[in-house]
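Residue-level listing of the chains:
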Amino acid sequence: MNTFAVSLHFSPQSEKLLNVLINNLASATGNNFRIESHIMPHLTLGMFHAESADELMLPVGKFVQQISIEQVKQTMVMLDKSEIVNNKAVFLLPSAECTILLRNWNAVLHDIMSPYSSVANNGFYLPDYFLPHIAIATGLSCEQAKTAAEFLSQMKLPLVAECSCIILAQCKPYDVRGVF
């Protein structure tokens, strides 16, 4: 079984803004994992196991049709909090209002995907456990997490990220398989 992610991606301007944060945080901490791995800024809506991406194209297309690509393109994600998770990752978290919308999309996605796939990533993206976030650093050491905390204390929030599309990507190695 392969692991696939269905993610929300951002406009070029928003992606540039998020990449500046990712690069500045990487410079501050010395942790370049996200840069070296060429991980685009994104917000994962769900992770699934399936044999192939082809099996998931139809249900992801249904999902995008149900929530409307026009709505996706009109969505602005207000990022008003940052958090260091388990001293290993730095997340930007959306406002309460955005979180409600993203949790709704996550629930719709899981309803549509369930006949076509099984849950991946230990169920962390299931509706009951879904924490919408944009990771701007991962794989931090304890020392790097301390430096990241200093960086975050200087960061100005809120930030607004303009959504542009939904992407189906195979994980490890990361490979975009569909853009909706």
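Just so we're clear, the structure is a prediction, and the values are computed from it rather than from any experiment.

A.B. asks: Please clarify how a nonpolar patch on the surface should be interpreted in this entry.
C.D. replies: Where nonpolar side chains cluster on the molecular surface, the patch consists of Met 76, Met 78 and Val 160 and spans about 240 Å² of accessible area. Here Met 76 lies in strand 3 (residues 76-85). Accessibility expressed as a relative area gives 44% for Met 76, which makes it partly exposed.

A.B. asks: Explanation requested: unusual backbone geometry in the structure shown.
C.D. replies: A negative phi angle is the norm for most residues apart from glycine, just as the trans form is the norm for most peptide bonds. The omega torsion across Leu 157 and Pro 158 is 10°, close enough to zero to call that bond cis. Of note, the amide linkage connecting Lys 172 to Pro 173 takes the cis form, showing an omega dihedral of 0°. Note that Pro 173 resides in the loop between strand 7 (159-170) and strand 8 (175-179). The phi angle at Asn 86 is positive, at roughly 50°, despite the residue not being glycine. With a relative accessible area of 63%, Asn 86 lands in the exposed category. The phi angle at Asn 122 is positive, at roughly 55°, despite the residue not being glycine. Mapped onto the elements, Asn 122 comes out in the loop between strand 5 (118-119) and strand 6 (134-137). Take Asn 122: its relative accessible area is 72%, and that puts it in the exposed class.

Conventions adopted
- Residues numbered from 1 in each chain as written.
- Predicted model: local features only at pLDDT ≥ 70, side-chain atom pairs only at ≥ 80, totals over all residues.
- Heavy atoms only, no water.
- Patch = residues over 30% accessible without salt bridge, like charges linked within 9 Å, V, L, I, M, F, W, Y side chains within 5 Å.
- Areas by Shrake-Rupley, 256 points an atom, 1.4 Å probe, with all protein chains shown as cover.
- Salt bridge = Lys/Arg side-chain N within 4 Å of Asp/Glu carboxyl O.
- Helix = DSSP H or I, 4+ residues; strand = E, 2+ residues; numbered from the N terminus.
- Buried < 20%, exposed > 50% of the residue type's maximum accessible area, 1.4 Å probe, protein only.

In short, the description is geometric, and any link to function would need to be established separately.
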